[in-house]
Amino acid sequence: MGSIEATVNATLLLSRAGVDRRGERRSDPDLFDRLASSTTTRYLPLRDGQAPIRDGGLVLLDVAPAGDGTPPLYLGATTADGAVPAGTDVVLVPVPGSESAGPADAGVYQDDHAGAVVPGAQWRGLRDAVDDLDAVEAGLFVESLALHHWHRVHRHCPRCGAPTEVVEAGWVRRCTADGSQHFPRTDPAIICTVVDDDDRLLLGRSAQWPANRFSTLAGFVEPGESLEAAVVREIGEEAGLVVDSPRYLGSQPWPFPCSLMLGFTAHATGTRAVPDGIEILDLRWFTRAELVSAVGAGEIRLPGTLSIARRLIEHWYGEPLTDPEGER
Ligand SMILES: [Zn+2]
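Residues numbered from 1 in each chain as written. Predicted model: local features only at pLDDT ≥ 70, side-chain atom pairs only at ≥ 80, totals over all residues. Heavy atoms only, no water.

### Examining the overall build of the protein
Secondary structure assignment for the protein yields eight helices and 16 strands. Scaling as 2.2 N^0.38, a compact globule of 328 residues should have a C-alpha radius of gyration of about 20 Å, and the protein matches this with 22 Å. Seen through its C-alpha atoms, the protein measures out along the principal axes to roughly 65 × 50 × 45 Å. Summarising the internal contacts of the protein: among those between residues at least 6 apart in sequence, 63% fall at separations of at least 24. Per element, the accessible surface of the protein, about 15400 Å² overall, is 50% carbon and sulfur. (Helix = DSSP H or I, 4+ residues; strand = E, 2+ residues; numbered from the N terminus. Rg over C-alpha atoms; globule rule 2.2 N^0.38 Å. Contact = heavy atoms within 4.5 Å. Areas by Shrake-Rupley, 256 points an atom, 1.4 Å probe, with all protein chains shown as cover.)

### Focus: the domain arrangement of the protein
Split into domains, the protein comes out as domain 1 (4-153), domain 2 (154-185) and domain 3 (187-317). Tallying the contact residues gives 15 residues for domain 1 and 13 residues for domain 2. Of the roughly 1300 Å² buried between domain 1 and domain 2 on both sides combined, carbon and sulfur atoms contribute 61%. Looking at the side of domain 1 facing domain 2, the largest losses of area belong to Arg26, Trp150 and His151, adding up to 53% of the total buried there. Linking domain 1 with domain 2 are zero salt bridges, by the criterion used here. Every element with two or more residues in the side of domain 1 that touches domain 2 is listed here: helix H2 (31-36), strand E5 (73-78) and helix H5 (135-153). Looking at the side of domain 1 that touches domain 2 element by element, the count peaks at six residues for H5. (Domains from an automatic or database assignment. Buried area = accessible area lost by both parts, 1.4 Å probe. Salt bridge = Lys/Arg side-chain N within 4 Å of Asp/Glu carboxyl O.)

### Focus: the coordination of the zinc ion
Coordination of the zinc ion by the protein comes from Cys157 (SG), Cys160 (SG), Cys175 (SG) and Asp178 (OD), over a distance range of 2.2 to 2.4 Å. Coordination at the zinc ion comes from four donor atoms whose angles at the metal span 103 to 117°, giving a geometry best classed as tetrahedral. One chain supplies every donor for the zinc ion, spaced along it as C-x2-C-x14-C-x2-D. Separated by 18 residues along the polypeptide, Cys157 in the loop between H5 and strand E8 (164-167) and Cys175 in strand E9 (residues 172-175) bring together distant segments of the chain. Judged by its relative accessible area of 4%, Cys157 is buried. (Donors = N, O, S within 2.8 Å, 3.2 Å for Na, K, Ca; no water. Tetrahedral: all angles 85-135°; square planar, octahedral: opposite > 155°, others 65-115°. Buried < 20%, exposed > 50% of the residue type's maximum accessible area, 1.4 Å probe, protein only.)

### So, the pairing of strand E13 (residues 217-220)
Because side chains alternate across E13, one face comprises the buried residues Leu217 and Gly219, and the other comprises Ala218 and Phe220, none of which is buried. By the bridge criterion, four bridges tie strand E11 (residues 187-195) to E13 in an arrangement that is antiparallel. When the bridges of E13 are listed, Cys192 appears paired with Leu217. (Pairing = 2+ DSSP bridges.)

Here is the structure:
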């Protein structure tokens, strides 16, 4: 058996990294000209958070498509042979999406546009397509979503409100008025299995989820807070429990739109769990047999197999769990 960290991360489909980001190339002012004349450069269009998929694989173009006005963004070079050969430089090109068309004709516009940009491909979201993607394709898609979202919501300087411009091949935005530099953001969030003295697992039902979905507790890390302190605070707030010795188990980027989920497990010093009634409506302790029984009876639903929540639960359980009615 490998390390605990490897055990969790190896099962996380969005943590597969198949791209060398080649950060040292970003400051080259001629980078995109060099890439355009290289035979190993490919372009990935992104539209409304969706990428072109054909025969289960990501479609990369030899020539840059017409973009939506956002400058091209350099993703890096692929590191392993798969559907895309190793050493391929990939450039992200956001293309006009449904936001560009009026609501009345959005559907028609989308259909026409998909065919125009990538013949024969379908626009698909990451969650929908990821099962069929290899590590390189998944890495490119995750990186693209996260980076593009940041550009969409950081068009103005947070200091003075002036427009910002894209520099460093897409990895910095610079204020056109005061020259300040702004870097892509990721929001860290902790997510944690809580286990009692009898090795039972605590799961909660969130106000935001379907009625019978139970999952691990989670929350964003606050400014000035360590990950461990965030675990203790969140479990205290959402379940009224004191936990000790949080232990890190692995992480997964969650670009919906910009989170990094940091997985932990922690031991509860008591068992009297009280939901906060706002974020968490119900809390239950499960033995392994009780969990399998409740899922099998359809009494509760597990989080989707794409999520780190599911993998953390399975880490506690000891092997993969089956939920026939479950989602991704
Ligand atoms: Zn500014």
